[in-house]
Amino acid sequence: MPTLSELRSSPLASLEALYRDAPLAPAPSGCFRGHVLARVDNRLARGLLGDAMVGPFEWLPFGIDFARSAWFFVHPSLRLGKFRAEAGPSRWRDTEVLRLTYDESRLPPPVHGLLYDELKPLSETLCLGLGGINTGPGKGDLFFFALEPFAP
């Protein structure tokens with residue numbers, strides 16, 4: 001399995017292949033820090049709306065607290081989006097993933113129904129994720145990200 005450093009230097013085609021081909025490891029536990037790796041190659045991700053949606057993840061520290069089923073910006077105490085995680089087929093790629101839905105979140109109604117993310121746990125300490133919005137392939141998938149254990 002690759003390291004975080006290797007993921008950060010991987011071209012988009014390699015991230016796509018790893019996401020598609022890596023076996024699904026068990027769901028992670030604990031708190032993880034996120035790192036944006038690359039935007040996918042579609043119209044939304046490259047446009048102004050993509051800038052508005054992906055930008056905060058590129059500019060601010062973010063992560064996922066699996067113990068509390070919530071993602072956060074800056075610090076784990078600033079939890080913003082409660083999610084429900086379940087293993088199943090990817091909405092965007094031909095692979096099995098851990099799907100994160102936000103329908104139980106207390107985010108404003110248009111936002112919680114819009115959010116959708118997927119994770120491919122690679123090991124106990126590294127995940128490859130695909131972040132986006134709740135729509136089909138080539139329309140909702142926006143960016144690849146990595147997760148590593150959070151160390152304050």
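Residues numbered from 1 in each chain as written. Predicted model: local features only at pLDDT ≥ 70, side-chain atom pairs only at ≥ 80, totals over all residues. Heavy atoms only, no water.

Asker: Talk me through the overall build of the protein; I want residue IDs and the actual numbers.
Answerer: Of regular secondary structure, the protein possesses five helices and nine strands. In the protein, the succession of α and β elements from N to C terminus is α-α-β-α-α-β-β-β-β-β-α-β-β-β. Taken over the C-alpha trace, the protein has a radius of gyration of 14 Å; the compact-globule value for 152 residues is 15 Å, and the two agree within 12%. Counting only C-alpha atoms and orienting by the principal axes, one finds that the protein spans roughly 35 × 35 × 30 Å. In the protein, which comprises 152 residues, the proportion classed as buried is 48%. Both charge centroids of the protein, one from 16 positive and one from 17 negative side chains, sit 5 Å from each other. (Helix = DSSP H or I, 4+ residues; strand = E, 2+ residues; numbered from the N terminus. Rg over C-alpha atoms; globule rule 2.2 N^0.38 Å. Buried < 20%, exposed > 50% of the residue type's maximum accessible area, 1.4 Å probe, protein only. Lys, Arg positive; Asp, Glu negative; His and termini not counted. Charge placed at Lys NZ, Arg CZ, Asp CG, Glu CD.)

Asker: Talk me through the sheet that holds strand 8 (residues 126-133); I want residue IDs and the actual numbers.
Answerer: Ordered by their spatial adjacency, nine strands build an open sheet running 4-3-2-1-9-8-7-6-5, and the pairing between neighbours is antiparallel. Two strands lie at the open edges of the sheet, namely strand 4 (79-82) and strand 5 (84-89), each paired on one side alone. Sheet twist, expressed as the mean angle between neighbouring strand axes with direction ignored, is 30°. When strand 2 (residues 62-65) meets strand 3 (residues 70-73), the two strands line up antiparallel, connected through four bridges. Counted as the bridge partner of I64 is W71 from strand 3. Of the strands in this sheet, strand 1 (31-39), strand 2, strand 3, strand 8 and strand 9 (141-149) touch helix 4 (residues 48-59), which is tilted by about 135° from strand 1. (Pairing = 2+ DSSP bridges. Axes fitted to C-alpha atoms, helices over the stretch in contact; angles between N-to-C directions. Contact = heavy atoms within 4.5 Å.)

Asker: Could you give an account of the confidence of the model for the protein, naming the residues involved and the relevant values?
Answerer: Per-residue pLDDT for the protein averages 87, and the proportion of residues at 70 or more is 92%. Taking the mean pLDDT of every element in the protein, the minimum, 59, falls on helix 5 (residues 109-112) and the maximum, 97, on helix 2 (residues 12-21). (pLDDT = per-residue confidence, 0-100.)

Asker: So what about the packing of aromatic side chains? Which residues, and what values?
Answerer: Enumeration over the complete set of coordinates arrives at 13 aromatic pairs. Ring plane angle 75° and centroid distance 6.2 Å describe the contact between F83 and Y102, whose orientation is recorded as edge-to-face. Residue F83 is located in the loop between strand 4 and strand 5, and its partner Y102 is located in the loop between strand 6 (96-101) and helix 5; the two are separated by 19 residues in the primary sequence. The exposure class assigned to Y102 is buried, which follows from its relative accessible area of 1%. One aromatic cluster in this structure is built from F57, F62, W71, F73, F143 and F145. Positioned over the ring face of Y19 is K120, at 5.9 Å from the centre of the ring. (Phe/Tyr/Trp six-rings, centres within 6.5 Å; stacked < 30°, edge-to-face > 60°. Lys NZ or Arg CZ within 6 Å of the ring centre and 35° of its normal.)

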